[in-house]
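Architecture at a glance
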Amino acid sequence: MKTSPIIVEEIRRLSQEEGLKDSEIAKIIQYNRVSVQKIRKNNNIPSYNINVRKDKKEICPNCKKEYYIRRNEKPGICCPECELKLNGE
Ligand SMILES: [Zn+2]
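Residues numbered from 1 in each chain as written. Predicted model: local features only at pLDDT ≥ 70, side-chain atom pairs only at ≥ 80, totals over all residues.

Packing of helix α1 (residues 5-16) against helix α2 (residues 22-29) brings their axes to within 10 Å, and their N-to-C directions diverge by 135 degrees. If you check the angle between α1 and α2, you find them oblique. Of the two elements, α1 crosses α2, and the hand of that crossing is right-handed. Only Ile-25, Ile-28 and Ile-29 of α2 make contact with α1, whose side of the interface consists of Ile-7, Glu-10, Ile-11, Leu-14 and Ser-15. Considered class by class, the residues forming the contact of α1 with α2 number six nonpolar, one polar and one charged. (Axes fitted to C-alpha atoms, helices over the stretch in contact; angles between N-to-C directions. Helix = DSSP H or I, 4+ residues; strand = E, 2+ residues; numbered from the N terminus. Parallel < 35°, antiparallel > 145°, perpendicular 65-115°, else oblique. Left-handed = near helix turned anticlockwise from the far one by under 90°. Contact = placed C-beta atoms within 7 Å. Nonpolar A, V, L, I, M, F, W, Y, C, P; charged D, E, K, R; others polar.)

It is worth spelling out the environment of Ile-28 at this point. With respect to the secondary-structure elements, Ile-28 resides in helix α2. Since 13 C-beta atoms lie within 10 Å of it, Ile-28 is described here as partly exposed. Once the C-alpha coordinates of Ile-28 and Glu-83 are considered, the two residues, 55 residues apart in sequence, prove to be 27 Å apart. (Buried ≥ 20, exposed ≤ 12 C-beta atoms within 10 Å, placed from the backbone.)

So, on to the pairing of strand β2 (residues 66-70). With five bridges joining them, strand β1 (residues 54-59) and β2 adopt antiparallel strand pairing. Considered in β2, the bridge of Lys-56 is made with Ile-69. With antiparallel pairing between neighbouring strands as the criterion, β1 and β2 make up a hairpin whose turn holds six residues, including Lys-64 at a positive phi of roughly 65 degrees. (Pairing = 2+ DSSP bridges.)

Spatial relationships are all this shows, so hold off on functional conclusions.
This is the structure we're talking about:
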């Protein structure tokens, strides 16, 4: 069975732009992990891009909440939620 191009593109986006692992992608698109891995291999999508993975922990100086940013990203002045509030005022 041929995989829908929409699914292939979604797997490509989630693994390469969001840095998600096969198991995490599987949960989002409701496939099993092995299928995601197979689709990835069949479409020459490399394994997840670790540099864009949002797993660098930062603590917001404003609300003290923990939030995650990409490894190759510099932390902002506060968490995205506070930033929204600041911009909204
Ligand atoms: Zn905050």
